[in-house]
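# Examining the three-dimensional arrangement
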Amino acid sequence: MKFGFVRISEAEGAVLVHPTSAGGSRLLKGHVLTSADVAALAREGTDEIVVARADLGEVLENEAATRIAEAVVSPQIRLSPAAGGRVNVYSRIRGLFVAVREAVDRLNGIDPSIALACLGDGTPVQPGDLLATFKIIPFAVAGSVVEQAYDFLCAWPVFHVRPFIPRRAALIATELPSLKRLTMDKTQAVLAARFQQYESQLASERRVAHAEEAVAGAISELMVDHDLVVIFGASAVADTNDVVPAAIRRAGGHVAQVGMPVDPGNLIVLGCIGTLPIIGAPGCARSPTENGFDWVLRRVLAGCWPSPQEIAGLGVGGLLKGKGSHPKPRVMGTGAAQA
């Protein structure tokens, strides 16, 4: 773009570089001056003004932002009108925001004049929530860059919103003498509230002994008319062959994951029998406070079963609030602290 002072009589169609007033109206930075603006400024005695003009082949910021954002339009999202080189993206539905970090990074690497900022992957959203914003940094950008960004977004699924899928869930809670019944009752209530929040319902509960055979039997019974099974062990899982993962395998299932890099929430178990998801909940999921169990449950209820690679990638940002409440490292007999 070309910047500089021009005579006011030559300013029509140029981009205003600094905010000013004309005829009682406030003209903002980036405003394209009209004949009426020029006349009003002249009447107020303005002789020269600082403006910018696009070079041949350049696209003004609002037009560029609109063109690029149009590539992500879907029934699940809506776009705001462009203003100040910015187009905001809003959700039309209740669901899970899914973002592909690599694609966002590649878009932002096309040219410094184009910027996309969005919510974190796995964020639950409501209708009307702001999902992302496209911003053109200068007043104008090369048309070739705009088309490159547009084509990239058409080819890559940078982000989208997945609706939550209503499910009938079952809870299997294991019992030990050390676990109070009141704690189990509260766990059931907290889990029911979680499911309701994501368009699903906790339809059944079974309380069984903390033993592989008992848990496997409950899984086999409940899998017939439920879409998801959550197991709360009376004792936290300590090994891949502990009661909960062993019970999933005994019932004919597959254990995909034991543990994840989210704290609180490390001690989670992920498995399935065919297409039926089974989640062994960590102890922290007895609390309504957000924890790693929520991160997984949201994905499952939106039909996004997390792969081992996705689970492994949750470590950055996976240290959640409440650090002061985490247990201290175990102290061994030698006096050395073990993490």
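Rules used in this analysis
- Residues numbered from 1 in each chain as written.
- Predicted model: local features only at pLDDT ≥ 70, side-chain atom pairs only at ≥ 80, totals over all residues.
- Heavy atoms only, no water.
- Axes fitted to C-alpha atoms, helices over the stretch in contact; angles between N-to-C directions.
- Helix = DSSP H or I, 4+ residues; strand = E, 2+ residues; numbered from the N terminus.
- Parallel < 35°, antiparallel > 145°, perpendicular 65-115°, else oblique.
- Left-handed = near helix turned anticlockwise from the far one by under 90°.
- Contact = heavy atoms within 4.5 Å.
- Nonpolar A, V, L, I, M, F, W, Y, C, P; charged D, E, K, R; others polar.
- Core = buried A, V, L, I, M, F, W, Y, C linked by side-chain atoms within 4.5 Å.
- Buried < 20%, exposed > 50% of the residue type's maximum accessible area, 1.4 Å probe, protein only.
- Pairing = 2+ DSSP bridges.
- Phe/Tyr/Trp six-rings, centres within 6.5 Å; stacked < 30°, edge-to-face > 60°.

### Observations concerning the packing of helix 6 (residues 212-222) against helix 7 (residues 243-250)
Interaxial distance between helix 6 and helix 7 falls to 8 Å at its minimum, and their mutual angle equals 50°. Considered as vectors, helix 6 and helix 7 are oriented oblique to each other. Between helix 6 and helix 7 lies a crossing of right-handed hand. Where helix 6 approaches helix 7, its residues Glu212, Glu213, Val215, Ala216 and Ile219 are matched on the opposing element by Val243, Ala246, Ala247, Ile248 and Arg250. Residue composition of the contact of helix 6 with helix 7, grouped by class: seven nonpolar, no polar and three charged.

### Details of the environment of Gly252
Looking at the secondary structure, you find Gly252 in the loop between helix 7 and strand 18 (254-258). Separated by 214 residues in sequence, Gly252 and Val38 place their C-alpha atoms 78 Å apart.

### Details of the nonpolar core
Nonpolar side chains tend toward joint burial in soluble globular proteins. Grouped together as the largest cluster of nonpolar side chains are 32 residues, with contacts concentrated most on Ile68, Leu116, Phe134, Leu153, Val158 and Phe159. Listed by contribution, the elements that provide at least two residues to this core are helix 2 (61-69), strand 8 (86-91), strand 9 (95-99), helix 3 (101-108), strand 10 (114-118), strand 12 (130-136), helix 4 (143-155) and strand 14 (159-163). In terms of residues, this core owes the most to one element, helix 4, which gives six residues. Excluding its chain neighbours within four sequence positions, the residues that come into contact with Leu116 are Val104, Leu107, Asn108, Ala132, Thr133, Phe134, Val158 and Phe159. With 30 residues, the next largest nonpolar core counts Val98, Tyr198, Met260 and Ala285 among its residues.

### Here's the deal with unusual backbone geometry
Across the chain, the bulk of peptide bonds are trans and the bulk of non-glycine residues have phi less than zero. Residue Pro264 is reached from Asp263 by a cis peptide bond, and omega for that bond is 5°. Following the sequence through the fold, Pro264 ends up in the loop between strand 18 and strand 19 (269-273). A positive phi angle, near 75°, is found at Glu199, a position not held by glycine. Here Glu199 shows up in the loop between helix 5 (181-197) and strand 16 (201-209). The partly exposed category is assigned to Glu199, whose relative accessible area is 36%.

### Quick notes on the pairing of strand 20 (residues 276-281)
Most of strand 20 is tucked away: six of the six residues are buried. Sheet topology note: the strand 17 (residues 228-232)/strand 20 ladder contains four bridges and is parallel. Within strand 20, the position partnered with Val229 by the bridge is Ile278. With antiparallel pairing between neighbouring strands as the criterion, strand 19 and strand 20 make up a hairpin whose turn holds two residues, including Gly274 at a positive phi of roughly 60°.

### Digging into the packing of aromatic side chains
Scanning all chains against the criterion turns up five aromatic pairs. Seen in terms of ring centroids, Phe152 and Trp156 are 5.5 Å apart; in terms of plane orientation they differ by 20°. Their pairing is stacked. Relative accessible area serves as the criterion here: at 26%, Trp156 is assigned to the partly exposed category. When the centroid spacing of 6.4 Å and the interplanar angle of 55° are considered together, the rings of Phe232 and Phe293 count as tilted. Separated by 61 residues along the polypeptide, Phe232 in strand 17 and Phe293 in helix 8 (residues 292-301) bring together distant segments of the chain. The exposure class assigned to Phe232 is buried, which follows from its relative accessible area of 2%.

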